[in-house]
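# Descriptive analysis of the structure
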Amino acid sequence: MTLTETRPTKAPRFGRSSRRSATLVVGCVLAGLIALLALVSLVWLPYATDDTSGGRLTGPGGGHLLGTDKLGRDLFTQLMTGSRIAFEAGLGSVAVAAALGITLGVLAAFAQGWLDDTLSAFLDILIAFPTLLLAMLIVAARSATLGSAVLAIGLAQSAVVARLVRVLVKRVLTQDYITAARTSGTSWPRTVLGHVLPNIWPTLVVNLALQFGLAVLAEAGLSYLGLGAPPPNASWGRMLQEAQATFTTAPAGALAPGVLLVLLVIGVNLIADGLRETLDPATRRRRA
Amino acid sequence: MTLLDVRGLTVRTADGRTLVDDLSLTVDSGERLGLIGESGSGKSLTTLAILGLLPDGMTATGSVDLAGTQIVGATEKRLAAVRGRDAAVVFQEPLTALDPLMRVGRQIAEPLARRTCLKGAALREAVRGALTQVRLPEPERIARAFPHEISGGQRQRVALAMALACAPRLLIADEPTTALDVSVQAEMLDLIDSLVRERKMSVLFVSHDLAVVARVTDRALVMKDGRAVEEGAVHDLVRLPREEYTKALVASARRLESALDLRSAR
């Protein structure tokens, strides 16, 4: 910053951008609608999840908004429980990834010498390890539940988060304001909580939003392979798999979960982009 | 009474280069010492070594006695107790020395709260007082602002308020006016001068600018390539520099001054 630029400026306050990001709004609407479906599914469903009273593979209309599947279950009902499972998978995985990733990342950033090397190698191996294989191992050790899928996805993502956090923390630690805080006698734990984490938070939260989208996709993939939530809780991935055989005759069964999956992932990615615009101190300062 | 006693301080990098070489200096209670030298002469490293804050990979040897605590080789816990209480620093670049995502008021409140154990409204009042004392207008507004929302001169006053909030016995000012434009520089120097006088603090004033050092301190130490080349009263240094390097510093300061005189005469 040069001297001529040091006039006081009226900048937007943190988290309250003067020019609200359009991508953030669109993303929130998309993800919000699906979140609404998921929330409603908690208290009300058109049919019970195991209600097979409808005809098999009826088309849309006639008491079933989107028709029924090959067992006569209501598709819209499955879609609603599917969106709940998608959110549970996304939030659960991100929670695991954030808790583990931030802890490991901060440790790795402070580690010196062999410990730094060991942690970095461990993270690299975890990143290179296929999520699918990890999921199969965990399912084999426990059972095919949503929890196993979330654990596998969260573990795989924690390595990515940890590596990001390590780099971000290392960069923040070289900043003058950290030295300034230390010169006034601030202890390390206080410095990390008060100055380091808040300053990596904007970048981190954008990445976590992206991880949410990836986790939703990963869970759909795992349950497509039968490694996700067990029946009768329909997840979008299993709906896709079940509707695969009858796609030419009854496309709604595969299209509906497919479209929702795409919309949710796009929505979450737009939110991530919008958050980047509003939270990133660099763009905020430039706009100021 | 000697507050800071540095003896044979040597700072080396991991690959063995010597950045500060066998430096000795003392600052008595209430005394002001200037540390002069061009960039890269090891001034800033010296200030960091005094607080045990050398960057990773650098090692200090020798002795740094700060108010009775041996800094070289001290544990982190012991250092944290000394920092702020016995010595606090005002850095060169006020924008980077303030946390960009924390409101100014909170940044001052942190060291204040630690020292005084104040809370809530009393703490807010103390923050307001700290901002007023460095002569910032509208202390309420500044306390609520983020660093990028206030001017460079205001930021440096905030940084000074943060350092003073610790009520240190020694104020280390590391080129506190270099990033400011000239008119603000003079105000800042006067401010430091009067605040330090009121509190009877000692000052270690680091600068590459002889004129600036002459304004604040009475005694100065000239550094070159990590070594002390000359030490004495600022007046003597300016009038009768003995070392070649000091002569060069004085001459360049004079040249700048006479260039200004010529221009204003024209």
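An unreviewed UniProt entry annotates chain B as ABC transporter domain-containing protein originating from Streptomyces brasiliensis. Quoted straight from UniProt, the Subcellular location (unreviewed entry) entry for chain B says "Cell membrane".

In the annotation of an unreviewed UniProt entry, chain A is listed under the name ABC transporter permease and assigned to Streptomyces brasiliensis. You can read under Subcellular location (unreviewed entry) in the UniProt record for chain A the words "Cell membrane". Among the UniProt annotations of chain A, the heading Sequence similarities (unreviewed entry) holds the following wording: "Belongs to the binding-protein-dependent transport system permease family."

Secondary structure summary: chain B contains ten helices and ten strands in total. Over its C-alpha atoms chain B spans a radius of gyration of 19 Å, differing by no more than 12% from the 18 Å that the globule rule assigns to 266 residues. In terms of its C-alpha atoms, chain B occupies a principal-axis envelope of roughly 55 × 55 × 35 Å. Within the span of chain B, comprising 266 residues, buried residues form 52% of the whole. The contacts of chain B with a sequence gap of at least 6 include a subset with a gap of at least 24, amounting to 64%. In the structure as shown, chain B presents an accessible area of about 11900 Å², 52% of it carried by carbon and sulfur atoms. Averaged over its 36 positive side-chain charges, chain B has a centre that lies 4 Å from the centre of its 35 negative ones.

With numbering aligned to this structure, UniProt lists the feature "domain: ABC transmembrane type-1" (unreviewed entry) at residues 83-272 of chain A. Structurally, residues 83-272 of chain A comprises 83% helix and 0% strand, and the distance from its first C-alpha atom to its last is 20 Å.

With that out of the way, let us pick up the pairing of strand 3 (residues 32-36) of chain B. Residue and element names in this part refer to chain B. In terms of burial, strand 3 is a largely internal element, five of the five residues being buried. With burial as the criterion, each face of strand 3 is covered, one bearing Arg 32, Gly 34 and Ile 36 and the other bearing Leu 33 and Leu 35. Inspection of the sheet shows strand 3 paired to strand 8 (residues 202-207) by five bridges, in the parallel sense. Residue pairing in the sheet places Arg 32 in a bridge with Val 203 of strand 8. As judged from the four bridges shared by strand 3 and strand 9 (residues 219-224), these two strands associate in the parallel manner. Counterpart to Leu 33 in the pairing with strand 9 is Arg 219.

Residue and element names in this part refer to chain A. Between helix 7 (residues 188-224) and helix 9 (residues 252-279), the least distance of the axes is 8 Å, while the angle of their chain directions is 175°. The orientation of helix 7 with respect to helix 9, classified from their angle, is roughly antiparallel. Contacts from Pro 202, Val 205, Val 206, Ala 209, Leu 210, Phe 212, Gly 213, Val 216, Leu 217 and Ala 220 in helix 7 reach Leu 261, Leu 264, Val 265, Val 268, Asn 269, Ala 272, Leu 275, Arg 276 and Leu 279 in helix 9.

All names here are of chain B. Strand order in the open sheet formed by four strands is 2-1-4-5, and the pairing between neighbours is antiparallel. What marks the edges here is a single partner per strand, and that holds for strand 2 (18-28) and strand 5 (69-70). In this sheet, strand 4 (residues 59-66) lies alongside strand 1 (residues 2-12) in antiparallel orientation, the contact comprising seven bridges. Bridge pairing links Val 11 to Ala 60 in strand 4. Against the sheet, helix 1 (residues 43-50) makes contact with strand 1, strand 2 and strand 4, and its axis sits at roughly 120° relative to strand 1, the strand it touches most.

Take the environment of Leu240(A) next. Residue and element names in this part refer to chain A. One can find Leu 240 in helix 8 (residues 236-243). A relative accessible area of 24% means that Leu 240 is categorised as partly exposed. Each C-alpha atom, one on Leu 240 and one on Gly 253, is 7.1 Å from the other, the two residues being 13 residues apart in sequence. Leave out the neighbours within four places in its chain, and Leu 240 touches Tyr 224, Ala 254, Pro 257 and Gly 258.

Attention shifts here to unusual backbone geometry. Among all residues except glycine, the phi angle is most often negative; among peptide bonds, the trans geometry is most common. Residues and elements named next belong to chain B. If you check the backbone angles, Ala 67 has positive phi at about 50° while not being a glycine. Within the secondary structure, Ala 67 sits in the loop between strand 4 and strand 5. According to the relative accessible area criterion, Ala 67 is partly exposed, its value standing at 23%. Although it is not a glycine, Cys 117 adopts a positive phi angle of roughly 60°. Residue placement: Cys 117 occurs in the loop between helix 3 (104-116) and helix 4 (120-133).

Parameters and conventions
Residues numbered from 1 in each chain as written. Chains lettered and ligands numbered in written order. Predicted model: local features only at pLDDT ≥ 70, side-chain atom pairs only at ≥ 80, totals over all residues. Heavy atoms only, no water. UniProt positions renumbered as here; feature names shortened; annotations may be inferred. Helix = DSSP H or I, 4+ residues; strand = E, 2+ residues; numbered from the N terminus. Rg over C-alpha atoms; globule rule 2.2 N^0.38 Å. Buried < 20%, exposed > 50% of the residue type's maximum accessible area, 1.4 Å probe, protein only. Contact = heavy atoms within 4.5 Å. Areas by Shrake-Rupley, 256 points an atom, 1.4 Å probe, with all protein chains shown as cover. Lys, Arg positive; Asp, Glu negative; His and termini not counted. Charge placed at Lys NZ, Arg CZ, Asp CG, Glu CD. Pairing = 2+ DSSP bridges. Axes fitted to C-alpha atoms, helices over the stretch in contact; angles between N-to-C directions. Parallel < 35°, antiparallel > 145°, perpendicular 65-115°, else oblique.

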